[in-house]
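Structural features, examined
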Amino acid sequence: MNRQVVSLVFILLGLGVEAQTLIDRNLQQYARQTLIDGIKDFGDDVNQAGVVIMEVNSGNVIANVSIGQLRGKVKDIPDGNSESVPAGISRAVLYLSMMGHLSPDYLVETGNGLYKDSLTGCVIEDLSHKRGGFGTLTLKRSLDLSDVGIYKAVETAFKRNMGKYGAAVRRTGIFFENYDGEADNYQESDSWGYWSPCDIIGYRSPFSLYQQTAWVNMVANQGKLLMRFNENDSTTPICEVKNNAGLDSLASAMFETVEYGTGLKMKSSYIRVAGIVNVSPPDAINCRGCFAAAFFPYEKPRYTIGVFVNKHDKPAGRNIASKIAGNIIEYMIKQYLHLRHVDEVFPD
């Protein structure tokens, strides 16, 4: 998902901690402690971790924590969530871009979970590769399980045509711009460049945790993308995504990720949750980005949470970020949705 390595500049990144007057101090404190507890056993292997929590309809950022660990001590990183980190939402963005081109039930042959591109040398590897892969998956199931599946579906949907691909990605709102045009006839000299599978799947795409959380919040907010740090920030959406059927399909696939898939750590006994989980390939110093994002309740979303943990060396699994998110979600269900018993949600 590359636009010359997706050089995104988020329009709100210049805001500092002092401007964040919408922060809920109790939630901020709980999120910070939960994040500390979630990474403490890894010591200095975690150089950065963050949490962003938003109200869905307003776009208000009500918790914003970024920390690191050094020599056993926790340090705050005031602007950490505005820094570029590995993309955790690439499969979701690409899934939305394909809605209208392919059905959620489209079958993708992922084989043993390994794809090698002979032209660029790119290697796309699923977490399941060393266990033999998942074989044939639906596109909807690939959202949770398979980079290979999502990439192969993108090839089918856009036939390696950068113009069609670029226009479809722009319509997902990932660049925080309104875009209603038809597929442009991009030339090779255009900023989209040539077809590169590792860029398409987002291995080299820099995002911030702000950007990723705001985009997931957009999915929950019927295509309206907002992000507000203080009372003076605009209540007008930054952009609006018009693909309602695609948004509904993506939200449904995200729900299945939590209910039946690798996002189980975010599942609740009280409400239904929709989410995304991901672990990036290792970088040059063997760090992996562990990412989880979710909105809840699924039927009538009120809150969105994004969690990122940059973990050096193994283990660096999907449960690291999703467990932190799940613990905060459970706290918010009781404190903000005021649900404390299962029978409040599922009466006899």
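One can find the structure itself at the top, above this paragraph.
Every value quoted in this text rests on a predicted model; they were computed, and no experiment measured them. (Residues numbered from 1 in each chain as written. Predicted model: local features only at pLDDT ≥ 70, side-chain atom pairs only at ≥ 80, totals over all residues. Heavy atoms only, no water.)

**Thoughts on the side chain of N81**
Heads up, the condition is: Every helix listed is a DSSP run of H or I at least four residues long, and every strand listed is a run of E at least two residues long, numbered separately from the N terminus. Think of it in three bands: with a 1.4 Å probe and only protein chains considered, a residue is buried below 20% of the maximum accessible area for its type, exposed above 50%, and partly exposed in between. Each polar contact in these results corresponds to two N or O atoms within 3.5 Å; when the atoms are within protein, one needs to be able to donate a hydrogen and the other to accept it, and residues that are neighboring in sequence are counted only if both atoms are side-chain atoms.
Position of N81 among the secondary structure elements: in the loop between β3 (73-76) and β4 (85-86). Under the relative-accessibility criterion, N81 is labelled buried at 3%. A distance of 3.4 Å separates the side chain of N81 from the backbone oxygen of V51, its partner in a polar contact. Among the polar contacts listed, one links the side chain of N81 to the backbone oxygen of V65, at a separation of 3.0 Å.

**Some remarks on the state of the cysteines**
Stated precisely, the cut-off is as follows: In plain terms, two cysteine sulfur atoms within 2.5 Å form what is called a disulfide here.
Scanning the model with the defined rule gives 1 disulfide in all. Through a disulfide, C122 is tied to C198; the S-S separation comes to 2.0 Å. Negative torsions about the S-S bond denote left-handed disulfides, and the value of about 90° found for C122 with C198 makes this one right-handed. Of the two residues, C122 is situated in the loop between β6 (114-116) and β7 (123-125) and C198 in helix α6 (residues 197-200); the sequence distance between them amounts to 76 residues.

**Brief notes about the packing of aromatic side chains**
The relative placement of two aromatic rings is captured by the distance of their centres and the angle of their planes. The line we're drawing: Side-chain rings of Phe, Tyr and Trp (the six-membered ring for Trp) are treated as a pair once their centres are within 6.5 Å; stacked means planes under 30 degrees apart, edge-to-face means over 60, and tilted covers the remaining angles. A positively charged side chain is recorded as over a ring if its NZ (Lys) or CZ (Arg) lies within 6 Å of the ring centre. The angle to the ring normal must also be within 35 degrees.
Counting across every chain of the model gives 10 aromatic pairs. Each ring, one from F255 and one from Y298, has its centre 4.9 Å from the other, and the planes form 15°; the classification is stacked. Taken together, the residues F255 in helix α8 (residues 244-259) and Y298 in the loop between β13 (287-296) and β14 (303-312) connect sequence positions 43 residues apart. For F255, a relative accessible area of 7% translates into the label buried. Among the aromatic side chains, those forming a connected cluster through ring pairs are Y30, F296, Y303, Y331 and Y336. Seen from the ring of Y179, R170 lies directly overhead, with NZ or CZ sitting 4.0 Å from the centre. The ring of F255 has R272 lying over it, and the distance from NZ or CZ to the ring centre is 4.4 Å.

**What about the sheet that holds strand β1 (residues 46-55)?**
We apply this condition: Pairing between two strands is assigned when DSSP locates at least 2 bridges connecting them. Axes here refer to lines fitted to C-alpha atoms; in helices the fit is confined to the stretch in contact. Angles between the N-to-C directions go from 0 to 180 degrees. What makes two residues a contact is simply this: any of their non-hydrogen atoms within 4.5 Å.
Spatial strand order, β3-β2-β1-β14-β13-β12: 6 strands in an open sheet with antiparallel pairing. Each having just a single partner strand, β3 and β12 (274-279) make up the two edges of the open sheet. Averaged over all neighbouring strand pairs, the angle between strand axes comes to 15°, with direction disregarded. With 10 bridges joining them, β13 and β14 adopt antiparallel strand pairing. Among the inter-strand pairings, C287 is bridged to a residue of β14, identified as H312. Against the sheet, α8 makes contact with β12 and β13, and its axis sits at roughly 70° relative to β12, the strand it touches most.

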